[in-house]
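# Overview (structure and organization)
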There are 2 protein chains.
Amino acid sequence: MQSYVHSLQDTICTAIEAEDGGARFHEDRWDRPGGGGGQARVIAEGKVFEKGGVNVSAVFGELPAKLAEKMGVDRADFFATGISLVLHPFSPRVPTVHANYRYFEMSNGDAWFGGGADLTPYIADPWDAGHFHSALKGACDPFGTELYPRYKKWCDEYFFIRHRGEARGVGGLFYDYLRGTPEEMEGLFAFQQSVGDAFLPAYLPIVERHADEPFTEREKKFQLLRRGRYVEFNLVYDRGTTFGLETQGRTESILMSLPPVVNFDYCAPMETDESEATLMGWLREPREWAEGVNAKF
Amino acid sequence: MQSYVHSLQDTICTAIEAEDGGARFHEDRWDRPGGGGGQARVIAEGKVFEKGGVNVSAVFGELPAKLAEKMGVDRADFFATGISLVLHPFSPRVPTVHANYRYFEMSNGDAWFGGGADLTPYIADPWDAGHFHSALKGACDPFGTELYPRYKKWCDEYFFIRHRGEARGVGGLFYDYLRGTPEEMEGLFAFQQSVGDAFLPAYLPIVERHADEPFTEREKKFQLLRRGRYVEFNLVYDRGTTFGLETQGRTESILMSLPPVVNFDYCAPMETDESEATLMGWLREPREWAEGVNAKF
């Protein structure tokens, strides 16, 4: 898994740089005092991507007390590795994307995979959501057709901003605690690679479709306001973020996910035209997007 | 107390409008389904104040389950009233300010006052911090000279962004659960009014001192980055915010505190000149500001 996330980091960064055509990723290596470390790769002020990070880490040592408590163990050693990425395009026509693929194991033998990917658009384009979900479904289906619907629903439930009554975006996949026998773990690792490899084909065609489109001042304003909601979700609800901060993770890597420029207006109108109203409807009531699940929208 | 917070809202809004000389407050009245409601007064895009809110509320009814659990009671009715304000000036030379004065009582007879005020500057001006703290100390001292040091320390501890190892600003006062016999409650109410009345004389001279100063592009950028830290504190740590969101408070009133325009940069440099380095030193290690406490800085 550690080798896979490094290779995925290289593949994704190369493809994103090529797509951007302007900025390059810069790498920061960091060490964790208790054991292990990571490589944060960050892109900023590109032609397409205003801010983004594709981070990998492999950390180990004694399980932090707060994590041990959460896991219901007295004390244990652990090993964790994963890749986590967020890309914030400048243009409101191009959706923000987040993905994360991770593996965790403890010295008591317990081990599991977790991860997912989700899309946060600022315009109501059903093709984008349909393509993203269909690509992820295609990566899940060989491992069981029950997986996509299950992890799609989990994603809708997880990325929900309760105090707003809205999802963060149009969802994707979310799964955690995927465990099993050693043979089953091999299958789960294959699944993890399949959905990890699906990230670029799920996202890049959406970027290509919209990167050169002109946009209005209001579309940009709407994006800055929706980015405010993104911040609200990440800082109030996202377990990776809040738990990372609590357990003294590397703050700059954890908060790399926050958008570069954000607006918080009082009682901001969020449905000033049909595209906004349609998108807000999708966020309030998550729907089926993948081809073959419900083709009618 | 309910009558006092309404009168304080009028006084503060009138003075802030006069200071701004441009924008006016707009009022939204709202009802709480379970009982009571509030008046949110919001100012936006003024000459001095880019965004601000001065909100009062008086709510009552059955104690929400989460709150009852926190209070360690089975069920109870409650009444709560207070004023809460945040002002975000456009100029980085003028500090952001927050204040809150509140009263809470339960049908089991328990009742208490809480509140405080704190200053978040973006330039290192010792006069500003000294004046703000001295004014608050002056309002506390008639009620016991032990109060200012106690509530100043509580403020430093409360408004601390643990994952950054920095305070949100240069502090002020924070106090909660001030309770006593009926006679003592009268004294506490007098204290509450004294510190509430001290808000304008503590803050306005600082605004007047800096409102017309020119500022650099970097000072503005530094403010936008520090506003990011303000968001991090409010959404991750502030109990009023997180508990308000959890207990289905009025989202727009709760999040009125967030700055209008915010930057989140990866590994942003925060000490590019002497003023920034000095200010960051104050935030990492809170110090004494009030006259007569430690005059040497």
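The rules behind the values
- Residues numbered from 1 in each chain as written.
- Chains lettered and ligands numbered in written order.
- Predicted model: local features only at pLDDT ≥ 70, side-chain atom pairs only at ≥ 80, totals over all residues.
- Heavy atoms only, no water.
- Helix = DSSP H or I, 4+ residues; strand = E, 2+ residues; numbered from the N terminus.
- Rg over C-alpha atoms; globule rule 2.2 N^0.38 Å.
- Buried < 20%, exposed > 50% of the residue type's maximum accessible area, 1.4 Å probe, protein only.
- Contact = heavy atoms within 4.5 Å.
- 1 Å grid on protein atoms, 1.4 Å probe; cavity = no way out; pocket = protein on both sides within 12 Å on 5 of 7 lines; lining within 4 Å.
- Points joined across faces, edges and corners; volume = space filled by probe spheres on them.
- Nonpolar A, V, L, I, M, F, W, Y, C, P; charged D, E, K, R; others polar.
- Polar contact = N/O pair within 3.5 Å; in protein donor to acceptor, adjacent residues only side chain to side chain.
- Salt bridge = Lys/Arg side-chain N within 4 Å of Asp/Glu carboxyl O.

From N to C terminus, chain A includes 10 helices and 10 strands. On C-alpha atoms alone, chain A measures out to a radius of gyration of 19 Å, which is about the 19 Å that the 2.2 N^0.38 rule sets for 297 residues. Here chain A holds 297 residues, and the buried ones make up 59% of them. Contacts in chain A between residues far apart in sequence, at least 24 positions, make up 67% of those at least 6 positions apart.

Turning next to empty space enclosed by the protein. If you walk through the whole model with that rule in mind, you get six cavities of 30 Å³ or more. For the largest cavity, the calculated volume is near 100 Å³. Arg164(A), Arg229(A), Glu232(A), Phe264(A) and Asp265(A) are, among the 15 residues lining the largest cavity, the residues nearest its centre. For the lining of the largest cavity, the element with the highest residue contribution is helix H7 (residues 217-236) of chain A, accounting for four residues. Residues belonging to the lining of the largest cavity are distributed by class as follows: seven nonpolar, two polar and six charged. In terms of lining residues, the second largest cavity is bounded by 14 residues, among which Arg164(B), Arg229(B), Glu232(B), Phe264(B) and Asp265(B) are the most central. Considering every element that reaches the lining of the second largest cavity, the biggest residue donor is helix H7 (residues 217-236) of chain B, with four residues. Along the lines of polarity and charge, the residues of the lining of the second largest cavity split into six nonpolar, two polar and six charged.

Below, the discussion takes up the side chain of Asp156(A). Residue and element names in this part refer to chain A. Within the secondary structure, aspartate 156 sits in helix H4 (residues 147-158). Polar side-chain contacts of aspartate 156 include one of 2.6 Å to the side chain of lysine 152. Each residue touching aspartate 156, except ones within four places of it in the same chain, is listed here: Val170, Gly171 and Pro286.

Quick look at the pattern of salt bridges now. Under the criterion given, the structure shown has 54 salt bridges over all chains. The partner of Asp176(A) in a salt bridge is Arg102(A), with the nearest N and O atoms 3.4 Å apart. Of the two residues, Asp176(A) sits in strand E9 (residues 171-178) while Arg102(A) sits in strand E5 (residues 96-106), which places them 74 residues apart along the sequence. Between Glu232(B) and Arg164(B) there is a salt bridge, with the nearest N and O atoms lying 2.8 Å from each other. Linking Glu232(B) in helix H7 with Arg164(B) in the loop between strand E7 (160-161) and strand E8 (166-167), this pair joins segments that are 68 residues apart in sequence. Given the relative accessible area of 1%, Glu232(B) is considered buried. One network of salt bridges, with partners in common, ties together Asp10(A), Glu27(A), Arg29(A) and Arg41(A).

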